[in-house]
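Here are the chains, one letter per residue:
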Amino acid sequence: MPIRNPSTTNGRDPCMSFVLLRSNVFIRNARKIIKKQPSFAQNIQDTLELLQIDPFQPRLRTHKLKGELKESYACNAGYDLRIIFKFVDHENQQAILWESLGTHDEVY
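**A few points about the overall build of the protein chain**
Counting its secondary structure elements, the protein chain contains three helices and five strands. For the protein chain, the succession of helices and strands along the chain, N to C, is β-α-α-β-β-β-β-α. Looking at the protein chain as a whole, 36% of its 108 residues qualify as buried. Contacts in the protein chain between residues at least 24 apart in sequence constitute 50% of all its contacts with a sequence separation of at least 6.

As structure tokens, this is what we get:
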């Protein structure tokens, strides 16, 4: 599925947010990370809010992945914390599926 950057998509309001979907893996990883490092909770929350509004916001450093994860994107959620996600269609709307969360070594 071609990626549609919300700031350049024809007919799409750049202020309109994406539908958000969480995988079970993402939920499990988030709980584990927040339990170990409660201070990461706010960084994760801030990043997820930015992703919903504009996944290509420069602060996120969003980039397309290669290899086995070639259909996915990654963004920074802190110094060594990454969120892996992909764009999907959900009930005729473009959505972001949060796939995984972890350190660089854990998610790649």
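Okay, back to it.
**With respect to the sheet that holds strand β1 (residues 19–22)**
Strand order in this open sheet of five strands is β1-β5-β4-β3-β2, and the pairing throughout is mixed. Edge positions in the sheet fall to β1 and β2 (63–64), since each has one partner strand and no second. Summarising the sheet, strand β4 (residues 81–90) and strand β5 (residues 93–103) pair through 10 bridges and their orientation is antiparallel. Looking at the pairing, L81 lines up with T103 of β5. Contacting β1, β3 (73–76), β4 and β5, helix α2 (residues 40–53) runs over the sheet at an angle of about 30° to β4.

**So, the nonpolar core**
Soluble globular proteins tend to bury their nonpolar side chains together. Counting residues in hydrophobic clusters, the biggest one holds 19 residues, and the most contacted among them are F26, L48, L51, I83, F85, W98 and L101. Elements that contribute at least two residues to this core include exactly α1 (24–36), α2, β3, β4 and β5. If near-sequence neighbours (up to four positions away) are discounted, L51 is found in contact with F18, L60, C75, I83, F85, I96 and W98.

**Concerning unusual backbone geometry**
In this model, R61 sits at a positive phi of 55°, which is unusual for a non-glycine residue. Positionally, R61 belongs in the loop between α2 and β2. Overall, the relative accessible area of 59% leaves R61 in the exposed class. Positioned with a positive phi, E91 is a non-glycine residue whose angle comes to about 50°. One can find E91 in the loop between β4 and β5.

**Focus: the environment of L48**
Relative to the helices and strands, L48 is located in helix α2. On the basis of relative accessible area, L48 is assigned to the buried category, the value being 10%. It is 9.1 Å that separates the C-alpha atoms of L48 and W98, two residues lying 50 residues apart in sequence. Not counting chain neighbours up to four residues away, the residues in contact with L48 comprise F26, I83 and W98.

Conventions and cut-offs
- Residues numbered from 1 in each chain as written.
- Predicted model: local features only at pLDDT ≥ 70, side-chain atom pairs only at ≥ 80, totals over all residues.
- Heavy atoms only, no water.
- Helix = DSSP H or I, 4+ residues; strand = E, 2+ residues; numbered from the N terminus.
- Buried < 20%, exposed > 50% of the residue type's maximum accessible area, 1.4 Å probe, protein only.
- Contact = heavy atoms within 4.5 Å.
- Pairing = 2+ DSSP bridges.
- Axes fitted to C-alpha atoms, helices over the stretch in contact; angles between N-to-C directions.
- Core = buried A, V, L, I, M, F, W, Y, C linked by side-chain atoms within 4.5 Å.

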